[in-house]
Amino acid sequence: MIKRAFLLIGLILSASCGSYNSIDTFYNAHKNDNQVTAIRIPRFMLTLISGISPEMQSLVGNTKDLRYMRFPSATPARTQFLNNQMNGITGNSFIEVYRKNDDLKRNVVSIREKCNSVKEILIYNNDNLNGSFLYFNGDFDPVKVREMAKNNEFGKMGDGLIKQFNPETPGINQP
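What you are looking at is a predicted structure, and each value in this text was computed from that prediction instead of being measured.

Reading guide: rules and limits
Residues numbered from 1 in each chain as written. Predicted model: local features only at pLDDT ≥ 70, side-chain atom pairs only at ≥ 80, totals over all residues. Heavy atoms only, no water. Helix = DSSP H or I, 4+ residues; strand = E, 2+ residues; numbered from the N terminus. Buried < 20%, exposed > 50% of the residue type's maximum accessible area, 1.4 Å probe, protein only. Contact = heavy atoms within 4.5 Å. Areas by Shrake-Rupley, 256 points an atom, 1.4 Å probe, with all protein chains shown as cover. Axes fitted to C-alpha atoms, helices over the stretch in contact; angles between N-to-C directions. Parallel < 35°, antiparallel > 145°, perpendicular 65-115°, else oblique. Nonpolar A, V, L, I, M, F, W, Y, C, P; charged D, E, K, R; others polar. Pairing = 2+ DSSP bridges. Expected span 1.5 Å × (residues − 1). Lys, Arg positive; Asp, Glu negative; His and termini not counted. Salt bridge = Lys/Arg side-chain N within 4 Å of Asp/Glu carboxyl O. Polar contact = N/O pair within 3.5 Å; in protein donor to acceptor, adjacent residues only side chain to side chain. Phe/Tyr/Trp six-rings, centres within 6.5 Å; stacked < 30°, edge-to-face > 60°. Lys NZ or Arg CZ within 6 Å of the ring centre and 35° of its normal.

Participant: Could you clarify how one ought to interpret the overall build of the chain in this entry?
Facilitator: Tallying secondary structure elements over the chain gives 7 helices and 6 strands in all. Mapped in sequence order, the helices and strands of the chain form the string α-α-β-α-α-β-α-β-β-β-β-α-α. For the chain, the proportion of its 175 residues judged to be buried stands at 34%. Long-range contacts, defined here as pairs at least 24 residues apart, represent 56% of the contacts in the chain between residues at least 6 apart. For the chain, the computed accessible surface area is about 10900 Å², with 55% contributed by carbon and sulfur atoms.

Participant: Sorry if this is basic, but what is going on with the packing of helix α2 (residues 23-30) against helix α5 (residues 76-91) here?
Facilitator: For any two helices packed against each other, one specifies the inter-axial angle together with the distance between the axes. It is at 9 Å that the axes of α2 and α5 come closest, and there the two elements cross at 150°. Overall, the two elements α2 and α5 adopt an arrangement that is roughly antiparallel. Listed contacts from α5 to I23, F26 and H30 of α2 are R78, F81, L82, Q85, M86 and I89. Of the residues belonging to the contact of α2 with α5, the class tally is 6 nonpolar, 2 polar and 1 charged.

Participant: I keep staring at the sheet that holds strand β2 (residues 63-72) and nothing clicks. Help me out?
Facilitator: Hydrogen bonds along the backbone pair up the strands of a sheet, which may run parallel or antiparallel. An order of β1-β2-β6-β5-β4-β3 is seen for the 6 strands of this open sheet, with the pairing classed as antiparallel. Across the chains shown, the open sheet's two edge strands, defined by having one partner strand only, are β1 (37-41) and β3 (95-102). Taking each pair of neighbouring strands and ignoring which way they run, the sheet shows an average axis angle of 5°. Judged from the 9 bridges that link them, strand β4 (residues 105-114) and strand β5 (residues 117-126) form a sheet pairing that is antiparallel. Residue K114 lies in a different strand from β5, and its bridge partner there is S117. The strands touched by α2 are β1, β2, β5 and β6 (130-140); relative to β2, the strand with the most contacts, the crossing angle is about 45°. Most of the contacts of α5 go to β5, to which it runs at about 170°, and overall it touches β2, β3, β4, β5 and β6.

Participant: How should the pairing of β3 be read in this particular structure?
Facilitator: The side chains of a regular strand alternate between the sheet's two faces. Bridging between β3 and β4 involves 7 bridges; their strand directions are antiparallel. Pairing of N101 across the sheet is with R106, part of β4. Hairpin connection from β3 to β4: 2 residues lie between these consecutive antiparallel strands, with D103 at a positive phi of about 55°.

Participant: Would you mind going over α5 with me for this structure?
Facilitator: Taking 1.5 Å of rise per residue, 16 residues should cover 22 Å, and α5 covers 21 Å from first to last C-alpha, within 8% of that figure. Of all the residues in α5, the buried ones are T79, L82, N83, Q85, M86, G88, I89 and T90. Among the structural elements, α2, β2, β4, β5 and β6 are those in contact with the buried residues of α5.

Participant: Would you take a moment to explain the side chain of R106 for this structure?
Facilitator: Its place among the elements puts R106 in strand β4. For the buried R106, which has no salt bridge, the nearest side chain bearing the opposite charge is D103, at an N-O separation of 7.7 Å. At a separation of 2.7 Å, a polar atom in the side chain of R106 contacts the main-chain carbonyl oxygen of D103. Setting aside chain neighbours within four positions, we find R106 in contact with N83, R99, K100, N101, Y124, N125 and N126.

Participant: Would you explain the packing of aromatic side chains in this entry?
Facilitator: The description of two aromatic rings rests on the distance between their centres and on the angle between their planes. Taken as a whole and assessed by the stated rule, the structure comprises 4 aromatic pairs. Ring centres of F26 and F71 lie 5.7 Å apart, and the angle between their planes is 65°; this geometry places the pair in the edge-to-face category. Here F26, found in helix α2, pairs with F71, found in strand β2; they are 45 residues apart in sequence, far enough to count as distant. Each member of the pair, F26 as well as F71, carries the same accessibility label: buried. When the centroid spacing of 5.7 Å and the interplanar angle of 75° are considered together, the rings of F26 and F133 count as edge-to-face. One end of the pair, F26, is in helix α2; the other, F133, is in strand β6, with 107 residues separating them in the sequence. On the accessibility criterion, F26 (3% relative accessible area) is buried. Seen from the ring of Y27, R67 lies directly overhead, with NZ or CZ sitting 5.3 Å from the centre.

Okay, structure coming up:
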């Protein structure tokens, strides 16, 4: 009886620790940090964004969840901390399709596959001054994802999201 209780407690603890390293946890932990820009696009707006042009349609595709976050990373300790957090997220079930390390600087594209399609895409960049991630959840063609990563289209989309949702944009009220 005691062995079963310990086994049950162990399973609960391992399940709760496994969900700690997720994009949701990272996003929620850092969205209120100082000097952070966090964008999470609801599904109805994905439809609006994809209707802007054929290029945006091909970028957005069958996305169910799209998030972008840019955060300060001005000290080596902070950069290492953020790099370790992203490694924890991508380390278990993501496949790295691209990685470039330059001391503490990082440029990583990781995907999560299921059968013959890509279900999640996570692009993480850190240049020792600022870090950012762009996250897609949906159903994507692996060939198209590879082509987009090769042509740096994900980076362009992150820049476009910042411009689209810039606080100075008319219609977004500032306090």
